[in-house]
Each structure stands twice: as structure tokens, then as C-alpha cells.
Amino acid sequence: MSKMEVKTSLLDNMIGVGDMVLLEPLAEESFLENLKKRFDHNEIYTYIGSVVISMNPYRSLPIYSPEKVEEYRNRNFYELSPHIFALADEAYRSLRDQDKDQCILITGESGAGKTEASKLVMSYVAAVCGKGAEVNQVKEQLLQSNPVLEAFGNAKTMRNDNSSRFGKYMDIEFDFKGDPLGGVISNYLLEKSRVVKQPRGERNFHIFYQLLSGAPDDMLKKLNLERDFSKYNYLSLDSATVNGVDDAANFRTVRNAMQIVGFMDDETQSVLEVVSAVLKLGNIEFKPESRVNGLDESRVKDKNELKEICELIGIEQAVLERAFSFRTVEAKQEKVSTTLNVAQAYYARDALAKNLYSRLFSWLVNRINESIKAQTKTRKKVMGVLDIYGFEIFEDNSFEQFIINYCNEKLQQIFIELTLREEQEEYIREGIEWTHIDYFNNAIICDLIENNTNGILAMLDEECLRPGTVSDETFLEKLNQICAGHEHFESRMSKNSKFLNDHTLPHNCFRIQHYAGKVLYRVEGFVDKNNDLLYRDLSQAMWKASHSLVKSLFPDGNPTKINLKRPPTAGFQFKASVATLMKNLLTKNPNYIRCIKPNDKKATHIFTDSLVCHQVRYLGLMENVRVRRAGYAFRQTYEPCLERYKMLCKQTWPHWRGPAREGVEVLLKDLQIPREEYSYGRSKIFIRNPRTLFHLEDQRKQRLQDLATLIQKIYRGWKCRTRFLLMKRSQVTVAAWYRRYAQQKKYQRIKSSAIVVQSYIRGWKSRKILRELKYQKRCTEAVTTIAAYWHGTQARRELKRLKEEARRKHAVAVIWAYWLGLKVRRDYRKFFRANAGKKIYEFTIQRIMQKYFLELKNKMPSMSPIDKTWPARPYLFLEATHTELRRIFHLWRCKKYRDQFTEQKKAIYDEKLEASEMFKDKKALYPSSVGQPFQGDYLEISKNPKYQKLSTLVEEKIILADIVNKINRANGKGAPRIFLLTKNSFLLADQKSGQIKSSVPLSDLTSASMSAQTDGFFAVRVKEGTPAAAKGDFLLSSDRLIEIVTKLYRTCLSSTKEKINIEISDEFLVQFKQDKVCVKFVQGSPKNGSVAACKRKNNRLLEVAVPSP
Ligand SMILES: Nc1ncnc2c1ncn2[C@@H]1O[C@H](COP(=O)(O)OP(=O)(O)OP(=O)(O)O)[C@@H](O)[C@H]1O
Ligand SMILES: [Mg+2]
């Protein structure tokens, strides 16, 4: 079940009453009884409204676990049973959420559990506030400051094994989110007299014992210490060890805590050195030595100890020794040095030890503050925790007790003020009429002590500052005079005669009726302690120390800063710091923890009535309850009240829909509670008498039982019904499934039978139809066949008839023709001549020829010599004529065609004809040349400026000019050359420069050779013995081979009248200078591409690969 949904209340499972305000009847006995009852049941916390009373259980209870922290976290104050965590939670939440600074005031006598309570509050706040590395470090430092301060400031006393011997107020600072930022600790008046002397059964401050038992050997040796407590005068022996306290372990804890708080190792070492020095100071002893002037003078007995101290804190031995023997008094620029006697030397020694220790303690607090102070300057929320020494009444009470009790008196005063104020404010806030409350106001006692003119502290100061002889007795006398009339002051010697015979009041004492009881103070030491003087020689000696910590503890020893003004007295300082504290507390929202000690024996389970009664009285707890109850004993906001009691009224149960206040009104009216018993505040209901509340509680309890029965009844009914309904539903489901199954089965059976029957019927029907269809089909087929046969017969008969008819018609026609012929011949026989037949024949032939020519004339083909058409031959006997006519016609049209040619064109055709004669059907390259006209001068030598030089060199007319490749015999590669043919010679010139490379007269040429293939390679042979023959034949290649060779041939013929030999062969010899090389043409493989390639095979063979056609 979720925790938040459970609405609990303080009133649940109460042992006695959790809130004393509800106590009925309210009397001291019942109050104590309630406390006892709760204490016996381990309920150590009880409320008075918002004040927590805490009984010291003297044993650890399992009520501070992390689970408990969670339980109380974010719960309302009255929701759970009383606990210190509830108060801490309330304070923390109103600090965080309502931005109200808080202070937690923990009061109670020594050993009542204040320090423990303050630690519990701190640890609770640490557990519930924010988390994170930085925040955790701050928390840890704040928490770890406790063991350090406790080691140095706490001691075992008769009342408490861990009694705080200083007052402590710690401000914990938070940011706006409620995360801790840091803290500031203020300390009040350390009981330093304990350093040099402890009452019987008590111990010095813990740190001395911790150091001696816990420090490792080498450390002790360094500090010149011995482990044995008995070696040290300042350590009382009778209770050097405390039951259940492990000093050695605590020493480690303290050192660890110092490290966490931020002490450097050398700082810790310095602190321990000072502690050792204080301890060893107690071992210095003095002996008297008579001086010449008759005065006694003290001398240090054992200089060894002094030497060790001096080494420890770095002072020259002579300086310290002198400071213990002399005292310098300065008055009006005069210095007077007096010797100290033994008693004075001891006094000086103890004063030094006390001062050294108390200054060290203050330094520690400052050092811790430095570490834990908040790092930001932003506004902080503050929670102050005050753990101050409790009210003390000893057998022998001195100045310290007076001061401590004064402080407690002040705290009580603000407690009264603030509780009443809070109560009054709540009434005003809630709009309820304020009723006056009678209570004891201790302002009068505070006034007795702190009044500036005639208060006890003021008078003590006056006495201390007064010139002349001053003693504790003169101080008492003064008190007797001035305070005699005060109703809380009692003294044997006062003017108030009623104490003259009071033997409980010794002569050197005065008694004050504190709010917590009467305390008898012995005046001895008051003046001295108030003065708190340390001889200047000692402070100066300390200032000279090379030990930096010791030096810093005595700034007043600096001779350059001598202050002749007396330092403020201890009483004055304390009063001032208490005033500051009070002012500070008044600005904050107070939360009270009132600690009570159940017995004097530090024992568990013992509840000493008288002791508790005494504390209850002086803590004013009854008054507290009365104040709280004066108007209304119980108050609660409307919502939880309605929530708790709504079952008591029909209208509000189980739900009230309107505002809570109206719900409560309806509820109370319905319950017929008398109107004067309660009052409606703005947000709370106020109940005057606890009886009313208990009445409500009883009714609620009764009603809860009824409701429980009802719920049980309804639940049982609901359970049975649900079970029944479930069974019913299950049964219906099962039945449905079964029925479905059975029906399914039946259906399937019927279905298969139906199918069988159906199939039989269908079969039968089908067969019947099939039979009918077959019969019909047979009938149709028969009809068709019959019809076919019939039509066939008809048709054949008709055909026969038609044929017969046709035959007859033909026979008739033939017969008719024959008959006609016969008739004509018979009729015309007499007209025929003998040669008429021949004439008719000739005439007929003539007519036919006539018709043939006329037709031929009309069907004549075109005049193009390449037109191959010719009309068809009409009669076989004209075959020869027809062919001859065709030939004649073709020759005739060719002639006609030739007759159109000019001379020039004729020459071109001549040339082409010549080429055709030479190459047609001999060289495969020839057909491709037929369509190309022979241009001759392809390079236009005379017009092209590039060949200007060449053109001037060649005077004759250029017949052919083209680029050819001259084949190099060495590698078969071609080099481009200009090929020029003129009337008498042919030339080869460089293609680029136009320089003539060879010039051969045509008469020197014998032949030209080439292959029968598609390539353009050709050789031009030179006549042997001519000048050109020296260079050898030319192997050239050109795409225009046909034209070049034709032109060469014709030009040669026309100029020399001799034919050069044209040789077409796939293998021929070429004369290169001396050698004859064979040029062989082969069909090339496709890789050679489409161009013929020449390649040298060996010295005598050039192979030309010609691509296959
Ligand atoms: N809530 C608690 N649970 C268990 N033990 C407790 C509790 N409160 C106090 N004690 C015991 O009581 C002892 C005395 O308590 P504490 O030191 O807090 O007293 P004090 O009121 O601070 O006294 P003093 O005024 O002398 O400092 C503790 O050492 C511890 O043993
Ligand atoms: Mg304490």
C-alpha cells in the first residue's frame, strides 16, 4: 500500500497521550505519569503543542534509522507519533518552502541529551536535504565539526560522561533550494578552570586522554609525552577512563574528522603540540628561594620539564622562566617589576595553561568556521541549532554556574515570550478571540542579573574596576546592600532580615531564586574569574614563541601593541554575547526541544519521579501546557479533521463534496457537541477541551469497528457474489461450448447425409438429362447427315445437269460453226483464186510487223546508256530481230551520249578508259577509283604559298601533284613525300620543306609494279645504268594508286613514245641501291585494321599485310 495514502494521526495507537495539551485532567501528577508511561514504553518523545519533550533513554533506541528518516520525511507534524525528526522536518520544510529562518533551541540540564538531540537534528536535515558531491562535502564537514569540538570542549562530569563544557550555537546556511551551503559556529565561555583542576570523579577535557591513549609511540615521543596518565598533574586520576568510552579509537576519529573538516597535517600537529604544552605546564613545580630583601621568590624545581615545554612551543627557556618569577606592572609609563612568590607562580602557571587552552579552543572554532563557511554571497536561509550548557545546581556553585544559569534564564525568557507570542499570533491569524493567560515571567530574574546599573554582573564589573582593595567579600557586601530588596535575591547579610537566621545560607554565599530553582553561589573567585587576568609577562613570553600557532594565540603579547586599557571582563563579554544571541534568536522562528533527564545514574529504564518533577517544574512545562490550553486545547486544520472524523456523520461519510470547513461544521452539529466547546478559526478548528477530542476519538474508534464489520460484511458479500457470478459465467460458457460442439456434430452428420442424398438425386437427374441430350444429339446428327446427303444428291444432280447443258451448248456451237463454215465455204467457193492463200498470209505478216513496230515505238526505253530495260518480245519468231534491234539501239544511244562530250571531258574519259584497260579485273583497288574523278594537281602547287619555292624549281606544267608515302626499306614504315609528275620527269619532294629529294626523267623509267589487292603500294623501277638507278627503285604507297600509275603510264607514253611495263603481281622485286628486296603481299589478319601495313620480315623480304576484303 502506498505510504502517502495512509492517513495516520498522532492520536493513533497512543501510549498515554502524545501531546500533553490533551492531558486530562491536567495536573503535575498526571503529567509525570504520562511521561513515565511513555518512557516505560520507549516513547521518549512527547509533544506540548509544537514543543518536543525528550527524555534521555541512556541507550540507543532503534528509532533513528534511515527508514525512520524516510517515514517522517514530508509528513505533517501531528501525523505520526512524536519524534525529534518530526520537529526537524517541520523546521526544515518551513525554512525551505516558506523561506522562514529557523532556530532550534535545545534546553535541559546537564546530561539531559541536548548535544545528542542537536546531532540528531543535524543528521536528519543532512539526510533529507539535497544531494550531490559538493553538497555532500558540505554536509560531511558540518557533521564532522562535532567530534572535533566535542574532543576539545567536552569532558566527563558527574552528571554526564560527555558533558559540553562550552555553549555552542551553530547556524547552518542553505540556498534557496534547501541545499546546505555551509555554517557558522559561535562558542560561549569554555569552562577553562577544568584544565587545571577537576572536581572529584570528573575528568579534564577528552582530548588529553585521547592523545595519551591514542597517539602512536613516535608521535608521543615527538611531543615529549608519556602514555601514563599518572605522570600529569593536570589529569585527575580517579576517573581517567570512562566506561564504554574508547579514548584511543576516539582519537583516531577526531584526527579523521579534523582532516575532513579541512585541517592541514601541520595544523593538526601544531594543535597537538599546544595540547601537550598545556599538559606539561601542569608538571612545572616551584620552590621558594629567599632573597636578600627578605622576600620569597619562586624558582622552577625541575628545569627539564620547562626545557621540554620551551622546545615544544619554541620559546627561550630563560624568557619563560623569568615570566614565572617576575611580574611587571606598568603604570603611567613606569615599569615596576616585582618578584612572584611560589603561590603566585603557581597561579601564573595555571592562568597560562587555562588561557593557552581556551585560546586554542577559540582558534579551533574559528578555524572550523573558515572551513565550513558558505562560499557564496547570495542570500541564505538559516537554521540555527543552539546547544548550550543546561541549568546547573551543584553543591558548590561558582562564577561559571552563575554565568551558565544566567544564560538559561535568558533562554527561558525568550521561550516564554515566543511561545506566548506564537500562541497569540495564531489566535489573531485564525480570527479567534484572545484570552489572557497567567504565567510566570522570569524577566525580573534576568533583570536582577543583567541590569546595567544595579544588576549583579554590573556590580561585579564595578568591583573589578574599582581602585583600592577589592575582594570577593567586598563584592558580596555590595550585593547585600543593593539587591537586598529584590525578591529573588537572598543573602545572610542582606538587609532583609528574614534570612538572618537561615542556616542553609552560608555567610560567603548568596542565593538566587532562578525560574528553575534556588541556587546558592559561593562568591569566592568571582572577582578573579571575572577579571580573567593573565600577567602581561606571560602573554609577551608566549608571543615571542617561534611556534606560529602559539604566537598567533597571544596577539596581546606584542609589545608594540600594548593596550593599557583593561580588557573587558568575562561577565561583560558573556552578557554581550548572550544579548547578541538573543537578538539573533528573536529574528528566527523558534522550535523547542526540552530535554529531561530521567535519573541521576545515567541508567536505562529508571524514572526518578522527584528528579523529573523538578525538571518539569523549572522548565515550566506545566505552564507551557496551560498557556497552550488556556484558550483551546486542540487545534487542527479542517482537512485532516474532516478526514479523521467524517465517518461519524451520515452527511460527511463517505465523501464530503463541499469545503472542508463546512464539512466540519456539519459534522460537529450532527454530533451535538456543545457550541462553547469549539470555535472555528480561518483554517483550523479549535477544540476547547481535550475531553471533547477524546469523546470524538472514542466515537471514531467505535465507528471504525462498525465500519470494519460493515466493510467485512460487504467484502464477504462481494466476494461470494463475485465467486457465484464467476461460477455462473463459467457454467454458461461451458454449456455454450458443449452445445455448440453437439450442434456442430449433428449438423455435420445431417450435412453429409444431405450431400449423399443430393448426389444420388443429382446423379439420377443428370443421367436422365444426358440420355435426353444424347438422343437429341443423335437426332440432330441424323438430320444433318440426311440433309447433307440430300443436298449432295441435289447438287450432284444439278452439276450433272449443268455439265450436260454446257456440253450440249458447246456441241451446238461447234456444230453451228462447222455448219456455218461449211455453208460459207460452199457459198464463197466460187469466188476464191489460186494464190489467195499466200496473199492473205503475207498481208497478215505485214499487219503483225506493222503492229510490232508501232508498239515498239511507243514502248521505247530512255536514252541513258546504262538503262537496261527493253520491251518484251510479242512473237517467238521475232526473237532475233528483237535482240538485234536492242543492240543497235544501245550503240546508237551511246554514240549520242559521246557526241555531247567536250575535248577535255573526252581526255578524262580517255584516261579513265586507259585505267580501266590496265586495271579492271586485275587489281582489287580499281572499282573504288571508278567513281573518283582524276584531278591531277591535288596540292595546287602554284597557288599554295607553302609550295612557292617548289613551284619555282619546277618549270614544266605539273600533271600530278599529291602526297605519297615513301616506304623505308629498313623498317617498312612510310614517310610522306610530295609526288610531282611533269611532262618529262617525276619528282619526290619533302612534304614540309618542299625540298626536292629525287628527280627522275621519265625516259629512265622501265616499269611499275603493284599487287592485285586493295592496297596502294607500288614500285617505280628505274632503267639500269641511268643516273637515277644509283638510288634504286621507288617503293611508294598512295590511296590514288590507280590515278598515279595511269598518269605515269600515259605521260611516259606521250613523252618517250615508249610504254612502261605495268606489272600486277602479289610478289615482285624492288632494287634498293645494291640489294634486291622482295615485296610480298599477304591477306592480313583483322588486327592490322583496315589499312595495309608494311613490315620488314628480313633483309630480303618486306611483307605487306592487306586487310581481307
Ligand atoms: N536520544 C538518545 N538516545 C540514546 N542516548 C542518549 C540520547 N540522548 C542522550 N543520550 C545519552 O545521554 C548522554 C548525555 O547526553 P548529552 O551529552 O546530549 O547531554 P547534554 O544535555 O548535552 O549534557 P551537557 O549539558 O552536559 O552537555 C549521551 O552521551 C548519551 O549516552
Ligand atoms: Mg552537551
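What you see is a predicted model, and the numbers here were worked out from it, not measured in a lab.

Draft legend 1. Examining the overall build of the protein chain more closely. Within the protein chain, the secondary structure is distributed over 31 helices and 31 strands. The C-alpha radius of gyration of the protein chain comes to 74 Å, more than 25% above the 32 Å expected for a compact globule of 1109 residues. Its C-alpha atoms put the protein chain at 225 × 115 × 50 Å along the principal axes. In the protein chain, which comprises 1109 residues, the proportion classed as buried is 46%. The contacts in the protein chain between residues at least 6 apart in sequence include a share of 64% that link residues at least 24 apart. Looking at the protein chain as shown, the accessible area adds up to about 60,300 Å², and 54% of this sits on carbon and sulfur atoms. Of the charged side chains in the protein chain, 178 are positive and 134 negative, and the gap between their average positions amounts to 22 Å.

Draft legend 2. The arrangement of the packing of helix H13 (residues 399-430) against helix H20 (residues 570-586) in detail. Where H13 meets H20, the closest approach of the two axes is 11 Å, and the angle between their N-to-C directions is 20°. Taken together, the axis directions place H13 and H20 in an arrangement best described as roughly parallel. Note on packing geometry: the crossing formed by H13 with H20 is right-handed. On H20, the residues that touch Phe399, Ile403, Tyr406, Cys407, Lys410, Leu411, Ile414, Glu417, Leu418 and Arg421 of H13 are Ala570, Gly571, Phe574, Lys575, Val578, Met582, Leu585 and Leu586. Taken together, the residues of the contact of H13 with H20 sort by class into 13 nonpolar, one polar and four charged.

Draft legend 3. Region of interest: the site of ligand 1. The environment of ligand 1 is made up of 18 residues, and the closest members are Asn56, Ser110, Lys114, Thr115 and Ser163. Side-chain polar atom of Ser163 to an oxygen atom of ligand 1: 2.6 Å apart, as the coordinates give it. Residue Ser164 places a main-chain N or O atom 2.7 Å away from an oxygen atom belonging to ligand 1. Summarising the interface, the protein chains cover 87% of the accessible area of ligand 1, which totals 620 Å² for the free molecule. At the level of secondary structure, the elements contributing two or more residues to the shell around ligand 1 comprise helix H4 (114-128) and strand S5 (163-164). The element that contributes the greatest number of residues to the shell around ligand 1 is H4, accounting for three residues. Residue classes in the shell around ligand 1 are distributed as four nonpolar, 10 polar and four charged.

Draft legend 4. Region of interest: the sheet that holds strand S26 (residues 1034-1037). Reading across the sheet, the eight strands line up as S23-S22-S21-S20-S26-S25-S24-S27 and stay open at both edges, with mixed pairing between neighbours. Each of the sheet's edge strands pairs with one partner strand only, and the pair in question is strand S23 (996-1001) and strand S27 (1061-1064). Averaged over all adjacent pairs, the angle separating strand axes in this sheet is 30°, with direction ignored. The pairing of strand S20 (residues 958-967) with strand S21 (residues 974-982) spans nine bridges and is antiparallel. In the sheet register, Ile963 faces S21, and the bridge partner there is Ile978. In this fold helix H31 (residues 1041-1056) packs onto S20, S21, strand S22 (985-990), strand S24 (1005-1010), strand S25 (1017-1022) and S27, with an angle of close to 125° to the strand it touches most, S20.

Draft legend 5. Expanded view of the pattern of salt bridges. The final tally for this structure, using the stated rule, is 67 salt bridges. A salt bridge links Lys119 to Glu150, with the nearest nitrogen and oxygen atoms 2.9 Å apart. Of this pair, Lys119 sits in helix H4 while Glu150 sits in helix H5 (residues 133-153); the two residues are 31 residues apart in sequence, bridging distant segments of the chain. In this structure, Arg227 and Asp217 form a salt bridge, with 2.7 Å as the shortest nitrogen-oxygen distance.

Draft legend 6. View of the pairing of strand S12 (residues 381-387). For S12, the buried fraction is high: seven of the seven residues fall into the buried class. Where strand S3 (residues 102-107) meets S12, five bridges bridge the pair, whose relative direction is parallel. Looking at the pairing, Cys103 lines up with Gly384 of S12. In the sheet, strand S6 (residues 167-174) pairs with S12 via seven bridges, with the strands oriented antiparallel. Counterpart to Met170 in the pairing with S12 is Val385.

Draft legend 7. Expanded view of the packing of helix H6 (residues 206-214) against helix H9 (residues 265-281). Closest axis-to-axis distance for the H6/H9 pair is 11 Å, and the angle between their directions is 105°. By the angle between their axes, H6 is roughly perpendicular relative to H9. Side by side, H6 and H9 meet where Ile207, Phe208, Leu211 and Leu212 of the first sit next to Leu272, Val275, Ser276, Val278 and Leu279 of the second. Within the contact of H6 with H9, the residues separate by chemical class into eight nonpolar, one polar and no charged.

Draft legend 8. Here's a closer look at the sheet that holds strand S28 (residues 1067-1072). With mixed pairing, four strands are arranged side by side in an open sheet as S28-S29-S31-S30. Single-partner strands in this sheet number two, and they are S28 and strand S30 (1093-1098). Each strand of the sheet is rotated relative to its neighbour by a mean of 30°, with strand direction disregarded. Direction of pairing for S28 relative to strand S29 (residues 1075-1084): antiparallel, over a ladder of six bridges. Its bridge partner being in S29, Glu1067 is matched across the sheet by Lys1080.

Draft legend 9. Highlighting the coordination of the magnesium ion (ligand 2). Bound to the magnesium ion (ligand 2) on the protein side are Thr115 (OG1) and Ser164 (OG), at distances that span 1.9 to 2.1 Å. In this pair, Thr115 is assigned in helix H4 and Ser164 in strand S5, connecting sequence segments 49 residues apart. With relative accessibility at 10%, the residue Ser164 sits in the buried group.

Draft legend 10. Main features of a nonpolar patch on the surface. A contiguous nonpolar patch, built from Leu710, Ile711, Ile714, Tyr715 and Trp718 and spanning about 520 Å² of accessible area, is present on the exposed surface. Relative to the assigned elements, Leu710 resides in helix H25 (residues 690-828). Judged by its relative accessible area of 34%, Leu710 falls in the partly exposed class.

Draft legend 11. Representation of the environment of Leu981 in the model. Position of Leu981 among the secondary structure elements: in strand S21. Judged by relative accessible area, Leu981 falls into the buried class, the value being 0%. Linking Leu981 and Pro1001, residues 20 residues apart in sequence, is a C-alpha distance of 9.9 Å. Those residues in contact with Leu981 that lie beyond four places of it in its chain are Lys957, Ile958, Ile959, Leu960, Phe986, Leu1002, Lys1047, Leu1048 and Thr1051.

Draft legend 12. Fine view of H4. Compared with the 21 Å implied by 1.5 Å per residue over 15 residues, the 21 Å span of H4 between its first and last C-alpha is a close match. Most of H4 is tucked away: 11 of the 15 residues are buried. What H4 keeps buried is the set Lys114, Thr115, Ala117, Ser118, Leu120, Val121, Met122, Tyr124, Val125, Ala126 and Val128.

Draft legend 13. Molecular detail of the pairing of S25. Here S25 lies mainly inside the structure; six of its six residues are buried. Side chains Phe1017, Ala1019 and Arg1021 of S25 all project onto a buried face; the interleaved residues Phe1018, Val1020 and Val1022 project onto the opposite face, where all are buried too. Here five bridges tie S24 to S25, and the two strands are oriented antiparallel to one another. In the strand pairing of S25, Met1010 is matched with Phe1018. Counting the residues between successive antiparallel strands, the hairpin from S24 to S25 contains six residues. Relative to S26, S25 is paired through four bridges, and the arrangement is antiparallel. Among the inter-strand pairings, Ala1019 is bridged to a residue of S26, identified as Leu1035.

What counts and what doesn't
- Residues numbered from 1 in each chain as written.
- Chains lettered and ligands numbered in written order.
- Predicted model: local features only at pLDDT ≥ 70, side-chain atom pairs only at ≥ 80, totals over all residues.
- Heavy atoms only, no water.
- Helix = DSSP H or I, 4+ residues; strand = E, 2+ residues; numbered from the N terminus.
- Rg over C-alpha atoms; globule rule 2.2 N^0.38 Å.
- Buried < 20%, exposed > 50% of the residue type's maximum accessible area, 1.4 Å probe, protein only.
- Contact = heavy atoms within 4.5 Å.
- Areas by Shrake-Rupley, 256 points an atom, 1.4 Å probe, with all protein chains shown as cover.
- Lys, Arg positive; Asp, Glu negative; His and termini not counted.
- Charge placed at Lys NZ, Arg CZ, Asp CG, Glu CD.
- Axes fitted to C-alpha atoms, helices over the stretch in contact; angles between N-to-C directions.
- Parallel < 35°, antiparallel > 145°, perpendicular 65-115°, else oblique.
- Left-handed = near helix turned anticlockwise from the far one by under 90°.
- Nonpolar A, V, L, I, M, F, W, Y, C, P; charged D, E, K, R; others polar.
- Near = heavy atom within 4 Å.
- Polar contact = N/O pair within 3.5 Å; in protein donor to acceptor, adjacent residues only side chain to side chain.
- Pairing = 2+ DSSP bridges.
- Salt bridge = Lys/Arg side-chain N within 4 Å of Asp/Glu carboxyl O.
- Donors = N, O, S within 2.8 Å, 3.2 Å for Na, K, Ca; no water.
- Patch = residues over 30% accessible without salt bridge, like charges linked within 9 Å, V, L, I, M, F, W, Y side chains within 5 Å.
- Expected span 1.5 Å × (residues − 1).

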